[in-house]
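# Analysis of the macromolecular model
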Amino acid sequence: MDKEPTLGSMILWGVVGSLVAIFSVRFKPWFLLLALPFPALYFYGLILEINDPYVGPAILNEAGTTYIYSAYLLSALLVFSPFIGMIWSKHNKSLKSDAKIRAL
């Protein structure tokens, strides 16, 4: 595990990357093209190492199942975070349109 990222850095990449993806889709959707590739490549490389037939079992023995499950959960969160941002954006637009109707 000396060459693998720590659980803390993995959580940091997942949470910060997901928040950046959510807020970029919410406010400036084009910014997602700049912000999402770095965390996506990070988790892609991590998942490749976990699924490697030689490295994967060694990671499981040293770090445990929590590390493996966290990698999959945080990568799934990163994949679904743009959709969360889109839902949030549409919800706020519908609230603004309802406020305009009531003001008339």
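Notes on the structure in this doc start here. (Residues numbered from 1 in each chain as written. Predicted model: local features only at pLDDT ≥ 70, side-chain atom pairs only at ≥ 80, totals over all residues. Heavy atoms only, no water.)

Counting residues in hydrophobic clusters, the biggest one holds twelve residues: Met10, Tyr42, Phe43, Leu46, Ile47, Ile50, Ile59, Tyr67, Ile68, Ala71, Leu74 and Leu78. Secondary structure elements with two or more residues in this core: α3 (37-51) and α5 (65-103). Those residues in contact with isoleucine 50 that sit more than four places away from it in its chain are Gly56, Ile59, Ile68, Ala71 and Tyr72. (Core = buried A, V, L, I, M, F, W, Y, C linked by side-chain atoms within 4.5 Å. Buried < 20%, exposed > 50% of the residue type's maximum accessible area, 1.4 Å probe, protein only. Helix = DSSP H or I, 4+ residues; strand = E, 2+ residues; numbered from the N terminus. Contact = heavy atoms within 4.5 Å.)

Moving on to the side chain of serine 81. Along the chain, serine 81 turns up in helix α5. A polar side-chain atom of serine 81 sits 3.0 Å from the main-chain carbonyl oxygen of leucine 78. Setting aside its immediate chain neighbours within four residues, serine 81 contacts Ser18, Ala21 and Ile22. (Polar contact = N/O pair within 3.5 Å; in protein donor to acceptor, adjacent residues only side chain to side chain.)

Let us look at the pattern of salt bridges. One pass over the full model with this rule turns up one salt bridge. With its nearest N and O atoms 3.8 Å apart, the salt bridge here joins lysine 3 to aspartate 2. Assessed through its relative accessible area of 71%, aspartate 2 is described here as exposed. (Salt bridge = Lys/Arg side-chain N within 4 Å of Asp/Glu carboxyl O.)

What follows covers the side chain of serine 18. Within the element layout of this structure, serine 18 appears in helix α1 (residues 7-27). Judged by relative accessible area, serine 18 falls into the buried class, the value being 3%.

So, on to α1. Turn by turn, an α-helix covers 3.6 residues, leaving residues three or four places apart pointing in a common direction. Counted at 1.5 Å a residue, the expected span for α1 with its 21 residues is 30 Å, and the 30 Å between its end C-alpha atoms agrees. For α1, the full list of buried residues reads Met10, Gly14, Gly17, Ser18, Ala21, Ile22, Ser24, Val25 and Arg26. (Expected span 1.5 Å × (residues − 1).)

Before going further, it helps to examine the packing of α1 against α3. Contact geometry of α1 with α3 gives a least axis separation of 9 Å together with a crossing angle of 140 degrees. Taken as axis vectors, α1 and α3 run oblique relative to one another. You can see that α1 and α3 cross each other, and the crossing is left-handed. Across from Ser9, Met10, Trp13, Gly14 and Gly17 in α1, the residues of α3 making contact are Phe38, Pro39, Tyr42, Phe43 and Leu46. Each residue belonging to the contact of α1 with α3 can be placed in one class, and the counts come to seven nonpolar, three polar and no charged. (Axes fitted to C-alpha atoms, helices over the stretch in contact; angles between N-to-C directions. Parallel < 35°, antiparallel > 145°, perpendicular 65-115°, else oblique. Left-handed = near helix turned anticlockwise from the far one by under 90°. Nonpolar A, V, L, I, M, F, W, Y, C, P; charged D, E, K, R; others polar.)

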